[in-house]
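Report on the structure
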Amino acid sequence: MTKNLLHKAALCAAALAVSLSAHAASAFKAEVTGSGQSVILIPGLASSGAVWDDTVRHLCGPRQCHVLTLAGFAGQPAIDGPLLPRVEQELSAYITAHKLEKPVIVGHSLGGFLGLKFAIDHPDQLSRLVVVDALPALGAAQAPDATPEQLRAMAAGARARMLAQDEASHAQSQRYTVASMVTRPEDVERVIEWGKRSDRTAVANAMAELLATDLRQDVARIKAPTLVLGTWIAYKQFAPREAIERNFALQYARLPGVRIEMAETARHFIMVDDPAWMYDRIDRFLK
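The structure reproduced in this document is the subject of the present report. Since the structure is predicted, the reported quantities are computational estimates derived from the model, not experimental observations.

1. Considerations on the overall build of the chain
- Across its full length, the chain carries 11 helices and 7 strands.
- Compactness check: the chain gives a C-alpha radius of gyration of 20 Å against a globular reference of 19 Å for 287 residues, within 12% of the reference.
- Overall size of the chain, expressed as C-alpha extent along the three principal axes, is 80 × 50 × 40 Å.
- Residues classed as buried in the chain amount to 48% of the 287 residues present.
- Long-range contacts, defined here as pairs at least 24 residues apart, represent 78% of the contacts in the chain between residues at least 6 apart.
- With an accessible surface of roughly 14100 Å², the chain has 56% of that area assigned to carbon and sulfur atoms.
- Of the side-chain charges in the chain, 31 are positive and 30 negative, and the distance between the mean point of each set is 4 Å.

The structure is reproduced here in structure tokens:
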């Protein structure tokens, strides 16, 4: 009897160790708030799930929000291997394990791209999709006819440049980029701080995965009603508004029934710059 008990205890300890190890290696951390219909919120590159704090306060009275922070971002431990496929795989398992009944997925930037990829590969695991300022093929935004090989080369070059920067150059580049994406200085500092706490290799690798992937044809497989919220003023130095709106329309052309709306004043972080506008569009979409 004693031997059996000791054997069972050893097995339990081993199982616990495996469980803790798996948790430590997870592709994301999830924080849960509220009850009711499930909403999964995915932040962008090098961002914390805290970017959704105000959105959670708005959405999560009658709903249950699951807010992710991805591995390697904003203080979360990085993982080995490509991040985006792991997030997708683990998110599917997370939905099943927690018995979430076709949640709504809301994603910003890289998180929006992940939402698109998830809806393509797991069309029956979500009810609706909200994409906040993301494209199916970011690498092709300024080169719509780029071949897969060209996109991979572009992505590899961007990754190499980011990893080659010294600390001062990286910090300067980060500040310049974030300042173009957020309006208020205090919000710029908050986003920069998340970047400082992110693993640079993890960020560079995820950015390269994003730039190298083209989902423009694959979005035709999405079943979930999809709302895309875009912006133009953050990119006006690259192209006029009409060209940016046309690019959104062309990139989403194969997504059946997609609804695209463009913010008038918000930059890339729409949930920070103009939350009232975003909430209004999401509320009407989820009715």
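Further notes follow.
2. Details of the sheet that holds strand 7 (residues 259-262)
- The strand order across the open sheet built from 7 strands is 1-3-2-4-5-6-7, with neighbouring strands paired in mixed fashion. Lying at the two open borders of the sheet, with one neighbouring strand each, are strand 1 (28-34) and strand 7. Across the sheet, the axes of successive neighbouring strands diverge by a mean angle of 15 degrees, strand direction being ignored.
- Across 4 bridges, the pairing between strand 6 (residues 226-230) and strand 7 is parallel. Counterpart to L227 in the pairing with strand 7 is R259.
- Strands in contact with helix 3 (residues 83-97) are strand 1, strand 2 (37-42), strand 3 (63-70) and strand 4 (104-108); relative to strand 1, the strand with the most contacts, it is inclined by about 40 degrees.
- Strand contacts of helix 4 (residues 110-121): strand 2, strand 3, strand 4 and strand 5 (128-132), with the helix running at about 140 degrees to strand 4, the strand carrying the most contacts.

3. Comments concerning the environment of P62
- For P62, the location among the structural elements is in the loop between helix 2 (53-59) and strand 3.
- With a relative accessible area of 60%, P62 lands in the exposed category.
- A sequence separation of 104 residues divides P62 from D166, and the C-alpha atoms of the two residues are 47 Å apart.
- In this view, P62 contacts S35, G36 and Q37; residues no more than four positions away in its chain are not counted.

4. A look at the packing of aromatic side chains
- Tallying each qualifying case throughout the model produces 1 aromatic pair.
- Between F28 and Y94 the ring centres are 5.8 Å apart and the planes differ by 75 degrees, which places this aromatic pair in the edge-to-face class. With F28 in strand 1 and Y94 in helix 3, the pair connects residues that are 66 residues apart, well separated along the chain. For the residue pair F28 and Y94, the accessibility class agrees, reading buried in each case.

5. Section: the pattern of salt bridges
- All told, the structure shown has 20 salt bridges when counted by the stated rule.
- Among the salt bridges present, the one from E261 reaches R281, with a minimum N-O distance of 3.0 Å. In this pair, E261 is assigned in strand 7 and R281 in helix 11 (residues 275-286), connecting sequence segments 20 residues apart.
- Overlapping salt bridges bring together E88, K117, D121, D218 and R221 as one network.

6. So, the environment of D121
- Within the element layout of this structure, D121 appears in helix 4.
- In the structure, D121 is positioned 106 residues away from L227 in sequence and 18 Å away in space, judged by C-alpha atoms.
- Beyond its immediate sequence surroundings of up to four residues, D121 is in contact with E88 and R221.

7. Observations concerning unusual backbone geometry
- The phi torsion at A74 lies on the positive side, around 50 degrees, for a residue other than glycine.
- Position of A74 among the secondary structure elements: in the loop between strand 3 and helix 3.
- Accessibility expressed as a relative area gives 6% for A74, which makes it buried.

8. Remarks on helix 5 (residues 148-164)
- Spanning 17 residues, helix 5 covers 24 Å between terminal C-alpha atoms, matching the ideal 24 Å at 1.5 Å per step.
- On its buried side, helix 5 packs onto helix 6 (167-179) and helix 8 (200-212).

9. Section: the packing of helix 6 against helix 7 (residues 185-196)
- For the pair helix 6 and helix 7, the least separation of the axes is 10 Å and the interaxial angle reads 140 degrees. Regarding the angle of helix 6 to helix 7, the classification is oblique. Classified by chirality, the crossing of helix 7 by helix 6 is right-handed. Contacts from Q174, R175, V178 and A179 in helix 6 reach V188, E189, V191, I192, G195 and K196 in helix 7.
- Tallied by class, residues from the contact of helix 6 with helix 7 come to 5 nonpolar, 2 polar and 3 charged.

About the cut-offs
- Residues numbered from 1 in each chain as written.
- Predicted model: local features only at pLDDT ≥ 70, side-chain atom pairs only at ≥ 80, totals over all residues.
- Heavy atoms only, no water.
- Helix = DSSP H or I, 4+ residues; strand = E, 2+ residues; numbered from the N terminus.
- Rg over C-alpha atoms; globule rule 2.2 N^0.38 Å.
- Buried < 20%, exposed > 50% of the residue type's maximum accessible area, 1.4 Å probe, protein only.
- Contact = heavy atoms within 4.5 Å.
- Areas by Shrake-Rupley, 256 points an atom, 1.4 Å probe, with all protein chains shown as cover.
- Lys, Arg positive; Asp, Glu negative; His and termini not counted.
- Charge placed at Lys NZ, Arg CZ, Asp CG, Glu CD.
- Pairing = 2+ DSSP bridges.
- Axes fitted to C-alpha atoms, helices over the stretch in contact; angles between N-to-C directions.
- Phe/Tyr/Trp six-rings, centres within 6.5 Å; stacked < 30°, edge-to-face > 60°.
- Salt bridge = Lys/Arg side-chain N within 4 Å of Asp/Glu carboxyl O.
- Expected span 1.5 Å × (residues − 1).
- Parallel < 35°, antiparallel > 145°, perpendicular 65-115°, else oblique.
- Left-handed = near helix turned anticlockwise from the far one by under 90°.
- Nonpolar A, V, L, I, M, F, W, Y, C, P; charged D, E, K, R; others polar.

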